[in-house]
Amino acid sequence: MTGTRPNTPRIRVLIADDQPLVRRGLSLILSPDPSFEVVGEAENGAQAVALARRLRPDVVVMDIRMPVLDGVGATGELAATVPGCRVLALSTFDMDEYVVGALRAGACGFLPKDSSPEDLSTAIRTVHAGEAVVAPRLLTRLISTYVRAPHGASRPLPTDLGELTPREVEVWRLMATGLDNTEIAHDLHISVSTVKNYITSIFGKLDVRDRAQAVIAAYESGLVTARTATGNPPGDANTA
């Protein structure tokens, strides 16, 4: 288990889940690690928002399905009223549509509930550092299933696609098909740092805050589809 240097502030974590055993289990995972301080537990989304406003945690580990106010609604309220607080959503694979809703609402990433303690700890550190936690290929499957036209009107992009350079469009497309930065760099024969620079520019031009929202925008704009992301030829059925 990773420790912290003596003068490194601990990451303040709020746990929100309607199941007491889950809350207790998450707390037992995090509390022994000197990197973290579990500052509170909430049994529903409304309580999570109220506690976050009072306790000002760095990260909220947020279950998606909760009574009173679900995790999606709570994430949206936190994004609007406690912008410095980052949300890591938890869900099971059979509720993918709620995870997409959480990402749209402002969550910084998500994990399945059966993730390992090590993955949970790493994810919390990552979102606290300002990065998004999204398993690229899992995100691709998720979004290709739940964010595609025609399933209602496509969301118009906040900027004209023509504002992106051809290279930025290519980086965006590869990002949306599930490649991480190292894989994009290898595919385009450029450095990882150059990929990061392109991605920063893409985020600004698309007016999105992180990788997850950029991938959602790619599907909603039609830049990629489920077939292009999975590599299925046009005649193959989507079996997601």
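Our subject is the structure that appears above.
Thresholds, definitions, all that
Starting afresh in each chain, residues are numbered from 1 along the sequence in its written order. Local features in this predicted model are restricted to residues of pLDDT 70 or higher, and side-chain atom pairs are both shown and tallied only at a pLDDT of 80 or more, whereas totals for entire chains, interfaces and linings draw on every residue. Remark: hydrogens and water are excluded; side-chain values derive from all non-hydrogen atoms of the structure. Every axis corresponds to a line fitted to the C-alpha atoms, with the helix fit spanning only the stretch in contact, and the corresponding angles, defined between N-to-C directions, vary from 0 to 180 degrees. Here a strand is any run of E in DSSP of at least two residues, a helix any run of H or I of at least four, and the numbering for each starts at the N terminus. Small angles under 35 degrees read as roughly parallel and large ones over 145 as roughly antiparallel, with 65 to 115 read as roughly perpendicular and the rest as oblique. Contacts are assigned to residue pairs with any non-hydrogen atoms lying within 4.5 Å of each other. For this classification, the nonpolar set comprises Ala, Val, Leu, Ile, Met, Phe, Trp, Tyr, Cys and Pro, the charged set comprises Asp, Glu, Lys and Arg, and every other residue, Gly included, is treated as polar. Think of it in three bands: with a 1.4 Å probe and only protein chains considered, a residue is buried below 20% of the maximum accessible area for its type, exposed above 50%, and partly exposed in between. We call a crossover right-handed when, viewed with both strands directed away from the observer, the connection leading from the first strand over the helix to the second proceeds clockwise. Pairing between strands is defined by DSSP: at least two bridges between them are needed. Crossing handedness is read from the near helix: turned anticlockwise from the far helix by less than a right angle, it gives a left-handed crossing, and turned clockwise, a right-handed one.

Caption draft 1: Region of interest: the packing of helix α8 (residues 181-188) against helix α9 (residues 192-206). The geometry of α8 relative to α9 is characterised by a closest axis approach of 8 Å and an angle of 105° between their N-to-C directions. What the angle tells us is that α8 and α9 run roughly perpendicular. Contacts between α8 and α9 involve Asn-181, Thr-182, Ile-184 and Ala-185 on the former and, on the latter, Val-192, Val-195, Lys-196 and Ile-199. Of the residues assigned to the contact of α8 with α9, the class counts are 5 nonpolar, 2 polar and 1 charged.

Caption draft 2: Geometry of the pairing of strand β1 (residues 11-16). Along β1, 5 of the 6 residues are buried, which leaves the element largely enclosed by surrounding structure. Taking the sense of rotation as the criterion, the β-α-β connection linking β1, helix α1 (residues 20-30) and strand β2 (residues 36-42) turns out right-handed. Pairing geometry for β1 and strand β3 (residues 59-63), over 4 bridges, is parallel. Counterpart to Leu-14 in the pairing with β3 is Val-60.

Caption draft 3: Quick peek at the pairing of β2. Note that β1 and β2 share 6 bridges and pair parallel. Paired with Ile-15 across the strands is Glu-41, a residue of β2.

Caption draft 4: Representation of the packing of helix α7 (residues 166-176) against α8. Between α7 and α8, the shortest axis-to-axis distance is 10 Å and the interhelical angle comes to 130°. Relative to α8, α7 is oriented oblique. Where α7 crosses over α8, the handedness of that crossing is right-handed. Judged by residue contacts, Arg-167, Glu-170, Val-171, Leu-174 and Met-175 of α7 engage Ile-184, Asp-187 and Leu-188 from α8. Across the contact of α7 with α8, the residue classes break down as 5 nonpolar, no polar and 3 charged.

Caption draft 5: Molecular detail of the environment of Val-59. For Val-59, the position within the fold is in strand β3. Non-local contacts of Val-59, meaning those with residues more than four positions away in its chain, are made with Ile-11, Arg-12, Val-13, Leu-14, Arg-86, Leu-88, Ile-124, Val-127 and His-128.

Caption draft 6: Spotlight on the sheet that holds strand β4 (residues 86-91). The 5 strands lie next to each other as β2-β1-β3-β4-β5, forming an open sheet whose pairing is parallel. Each having just a single partner strand, β2 and β5 (109-112) make up the two edges of the open sheet. Looking at each pair of strands side by side, their axes are set apart by 25° on average, direction ignored. In this sheet, β5 lies alongside β4 in parallel orientation, the contact comprising 4 bridges. When the sheet's bridge partners are listed, Leu-90 is paired in β5 with Leu-111. Sheet strands in contact with helix α2 (residues 45-55) are β1, β2 and β3, and its direction is about 140° off that of β2. Lying on the sheet, helix α3 (residues 71-81) is in contact with β3 and β4; it crosses β3 at an angle near 155°.

Caption draft 7: Highlighting the side chain of Ser-27. Summarising the element assignment, Ser-27 is placed in helix α1. Filtering out sequence-adjacent residues up to four positions away, Ser-27 remains in contact with Ile-15, Pro-32, Val-38 and Glu-41.

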